[in-house]
Amino acid sequence: EAWDLPTKMPEASKNNDFLAGWVLSGVRYRLYELGEFGQDNFLRTFGIRDSMRQILQNGEMEEGSFTVCERLQSVLRLANQEKRELDICYINYAWCMYYQRKDMSVITLPEALLVFERHRLITEKASLNLLVSARNMSEKGISWLVNDYINQKGTDFVTKLLTSGWFEENAKSVFALDLDSSLLNCFPSKKIRSLCLNLLGCRPHDRMVEYRDIRNVLKSRHRDTALDILSQYNVRVYDVEEDSCSAEEPSVKESLQMAGITFTEEAENSIKTLPKKYVPFENGHISEEDFPYIQKNNISPLEVASYTDGWDFVMPYVEIYKQYAEAEIQRIARSIISMSMFARVRSIDMVGAWDYLPGSIPQFLEQEHIPVDWQKIFSAFMGYMQMSLIERDGLRNG
């Protein structure tokens, strides 16, 4: 029997329309979970993979990864209740992409795309499309993804984006004020003013802003514009760091003081730690501090490849291999990649996380001039993008 649910509460409760709509939406969803609505029940129509794809295509990802996990849980429950077969093998996709509310496997996507651009396998426009898609698929945690790519492209690229109106079209996918100061110099003052006002609009009640959110604009040619806005709206800046500046211009702190802007220094809210004695490969991890030690003690490339970083990622520092003779690295390149892939986290004796590999491997191959079929490497990479639902029909060249 079909259910005919009202969309609003009775006339007397009009003031609670918002709450009523929320409650009724929850009731309707619960009925879907119980298997009502026959063949019109979307929990019955789509399996795990198609449910994720539907959420993407319908733009529901704006609600965050909570939507994905809740939806797949409901699909599983209904299928189990009705004893139907389900594409359960795809549950690992959801686990890898959404259990942390972000897809960590895309964090080196900018590096990979820049390599493929240099080999003329993908255009800048297509790279941006993929980055925006990947960034929008995660609720939080990788909001810097597009910024990282743009920062590496430089001023000419930013100028092209400004001319085409790209920043206006993709305002939700990039935090423009977090771009490097040299790139912010390309922006017109009117645009910077709009970005600063939008930032303050996110904090209409406390009139406070964190220094790191405006640090780069305060170090750009738009410093005065930003200071005027902070002063006009009586905004307090907190966690201001020590900054380096030229002798010809005042420091950020001096500029804030001269503009009459109240601020607190980072030291007020952080715990200072004493310098530690250097320990090679501390806790069984490799870090940038180990680079001089590796060079001085002639640590072999294969031993270097056997370490994970402090976050348990494998192949974290491709640049370390620049310390070795290129011919040596080329001779054992396959072994380095293999050793890196199965580097173990020493404290728990488990293989480390592979999330850096989509970018680290192409970087390594290019950096060391390893002779490979780049078309095959790129095809494998794009297969991974499709598997991750990042690359979809028309997206690459759209």
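Thresholds, definitions, all that
- Residues numbered from 1 in each chain as written.
- Predicted model: local features only at pLDDT ≥ 70, side-chain atom pairs only at ≥ 80, totals over all residues.
- Heavy atoms only, no water.
- Helix = DSSP H or I, 4+ residues; strand = E, 2+ residues; numbered from the N terminus.
- Buried < 20%, exposed > 50% of the residue type's maximum accessible area, 1.4 Å probe, protein only.
- Areas by Shrake-Rupley, 256 points an atom, 1.4 Å probe, with all protein chains shown as cover.
- Pairing = 2+ DSSP bridges.
- Axes fitted to C-alpha atoms, helices over the stretch in contact; angles between N-to-C directions.
- Parallel < 35°, antiparallel > 145°, perpendicular 65-115°, else oblique.
- Left-handed = near helix turned anticlockwise from the far one by under 90°.
- Contact = heavy atoms within 4.5 Å.
- Nonpolar A, V, L, I, M, F, W, Y, C, P; charged D, E, K, R; others polar.
- Salt bridge = Lys/Arg side-chain N within 4 Å of Asp/Glu carboxyl O.
- Core = buried A, V, L, I, M, F, W, Y, C linked by side-chain atoms within 4.5 Å.
- Lys, Arg positive; Asp, Glu negative; His and termini not counted.
- Polar contact = N/O pair within 3.5 Å; in protein donor to acceptor, adjacent residues only side chain to side chain.
- Arc of directions from axis to C-beta.
- Phe/Tyr/Trp six-rings, centres within 6.5 Å; stacked < 30°, edge-to-face > 60°.
- Lys NZ or Arg CZ within 6 Å of the ring centre and 35° of its normal.

Asks: Can you help me understand the overall build of the protein chain in this one?
Replies: The number of helices and strands found in the protein chain is 21 helices and five strands. Per-residue burial over the protein chain gives 44% buried out of 398 residues. In the form shown here, the protein chain has an accessible surface area of approximately 22,800 Å², with 51% of it arising from carbon and sulfur atoms.

Asks: Looking at this structure, I do not really get the pairing of strand β2 (residues 236–240). What am I missing?
Replies: The pairing of strand β1 (residues 208–210) with β2 spans three bridges and is parallel. Counterpart to Val-209 in the pairing with β2 is Val-237.

Asks: It is not clear to me how the packing of helix α6 (residues 109–118) against helix α8 (residues 145–153) should be interpreted in this structure. Could you clarify?
Replies: Two numbers describe a pair of packed helices, the interaxial angle and the distance between the axes. Packing of α6 against α8 leaves a shortest axis separation of 9 Å and a crossing angle of 40°. In terms of orientation, α6 lies oblique with respect to α8. For α6 against α8, the interelement crossing comes out right-handed. Every residue of α8 that contacts α6 at Pro-110, Glu-111, Leu-114 and Glu-117 is listed here: Leu-145, Asp-148, Tyr-149, Gln-152 and Lys-153. Among the residues making up the contact of α6 with α8, the classes are represented as four nonpolar, one polar and four charged.

Asks: I would appreciate a short explanation of the pattern of salt bridges in the present structure.
Replies: Once their charged atoms are close, side chains differing in charge can pair, the charge on each being opposite to the other. Using the criterion set out here, one finds 13 salt bridges in the structure. Within the structure, one salt-bridge network assembled from shared partners comprises Glu-117, Glu-124, Lys-153 and Lys-160.

Asks: Looking at this model, I keep getting lost on the nonpolar core. Mind explaining?
Replies: Grouped burial of nonpolar side chains is what soluble globular proteins tend to show. Core analysis: the biggest nonpolar cluster contains 99 residues, and Ile-150, Phe-167, Val-237 and Phe-364 have the highest contact counts within it. If sequence neighbours within four positions are ignored, Val-237 has contacts with Val-209, Tyr-211, Ile-214, Leu-230, Leu-256, Ile-261, Thr-262, Phe-263 and Thr-264. Of all hydrophobic cores here, the second largest spans eight residues; its members include Tyr-29, Leu-31, Tyr-32 and Leu-43.

Asks: Honestly, the side chain of Arg-49 in this entry has me stumped. Any pointers?
Replies: By the secondary structure assignment, Arg-49 is in helix α3 (residues 48–57). The buried charged residue Arg-49 lacks any salt bridge partner; its closest oppositely charged side chain belongs to Asp-50, at an N-O distance of 5.9 Å. Polar contacts involving the side chain of Arg-49 include one to the main-chain carbonyl oxygen of Met-387, which spans 3.4 Å. Other than its neighbours up to four places away in sequence, Arg-49 contacts Asp-87, Tyr-90, Tyr-93, Gln-386, Met-387 and Leu-389.

Asks: What is the right way to read unusual backbone geometry from this model?
Replies: Where the residue is not glycine, phi is negative for most of them; where a peptide bond is considered, it is trans in most cases. At Arg-120, a position not held by glycine, the phi torsion is positive, near 60°. Exposure remark for Arg-120: the relative accessible area of 78% places this residue in the exposed category. Positive phi, normally seen in glycine, also occurs at Leu-389, with a value near 65°. Its location among the elements puts Leu-389 in the segment after α21 (374–387). Judged by its relative accessible area of 2%, Leu-389 is buried.

Asks: Explanation requested: the sheet that holds β2 in the structure shown.
Replies: Strand pairing in a sheet relies on backbone hydrogen bonds. The paired strands run either parallel or antiparallel. Ordered in space as β1-β2-β3, the three strands form an open sheet in which the pairing is parallel. Only two strands of the sheet have a single partner each, and these edge strands are β1 and β3 (263–265). Sheet twist, expressed as the average angle between the axes of neighbouring strands with direction ignored, equals 20°.

Asks: So what exactly am I meant to see when it comes to the packing of α6 against helix α7 (residues 124–136) here?
Replies: At a minimum axis distance of 10 Å, the contact between α6 and α7 shows a crossing angle of 165°. Here α6 lies roughly antiparallel to α7, going by the angle between them. Viewed along their axes, α6 and α7 form a crossing whose handedness is right-handed. Only Glu-124, Ser-127, Leu-130, Leu-131 and Ala-134 of α7 make contact with α6, whose side of the interface consists of Leu-109, Pro-110, Leu-113 and Glu-117.

Asks: Please explain α6 as it appears in this structure.
Replies: For the α-helix, the turn length of 3.6 residues means that residues three or four positions removed from each other point alike. Of all ten residues that make up α6, nine are buried, and the element is covered over most of its length. Taken together, the buried positions of α6 are Leu-109, Pro-110, Glu-111, Ala-112, Leu-113, Leu-114, Val-115, Phe-116 and Glu-117. Buried residues along α6 sit against α7, α8, α20 (357–367) and α21. Just downstream of α6, Arg-120 is the residue with a positive phi angle, here 60°.

Asks: How should I be thinking about helix α19 (residues 333–341) in this particular structure?
Replies: Buried within α19 we find Ala-333, Ile-336, Ile-337 and Ser-340. On an axial view of α19, the arc spanned by its buried residues comes to 95°, and they lie on one face. Buried positions along α19 lie against α17 (301–305), α18 (326–331) and α20.

Asks: Got a minute to help me understand the packing of aromatic side chains in this structure?
Replies: Enumeration over the complete set of coordinates arrives at 18 aromatic pairs. Between Phe-116 and Phe-378, the aromatic rings sit 5.1 Å apart at their centres with planes inclined by 70°, giving edge-to-face as the arrangement. With a gap of 262 residues between them, Phe-116 in helix α6 and Phe-378 in helix α21 connect regions that are remote in the sequence. Neither Phe-116 nor Phe-378 differs from the other in exposure class; each is buried. Taking 6.1 Å as the distance between ring centres and 85° as the angle between the ring planes, the aromatic pair formed by Phe-281 and Tyr-293 counts as edge-to-face. Of this pair, Phe-281 sits in the loop between β3 and α16 (291–296) while Tyr-293 sits in helix α16, and the two are twelve residues apart along the sequence. Looking at Phe-281, the relative accessible area reads 11%, which means it is buried. Overall, Tyr-293 belongs to the partly exposed group, its relative accessible area being 30%. An aromatic cluster is defined as three or more aromatic residues linked by ring pairs; in this entry it consists of Tyr-29, Tyr-32, Phe-37 and Phe-42. The cationic tip of Lys-153 hangs over the ring face of Phe-157; the distance from NZ or CZ to the ring centre is 5.2 Å.

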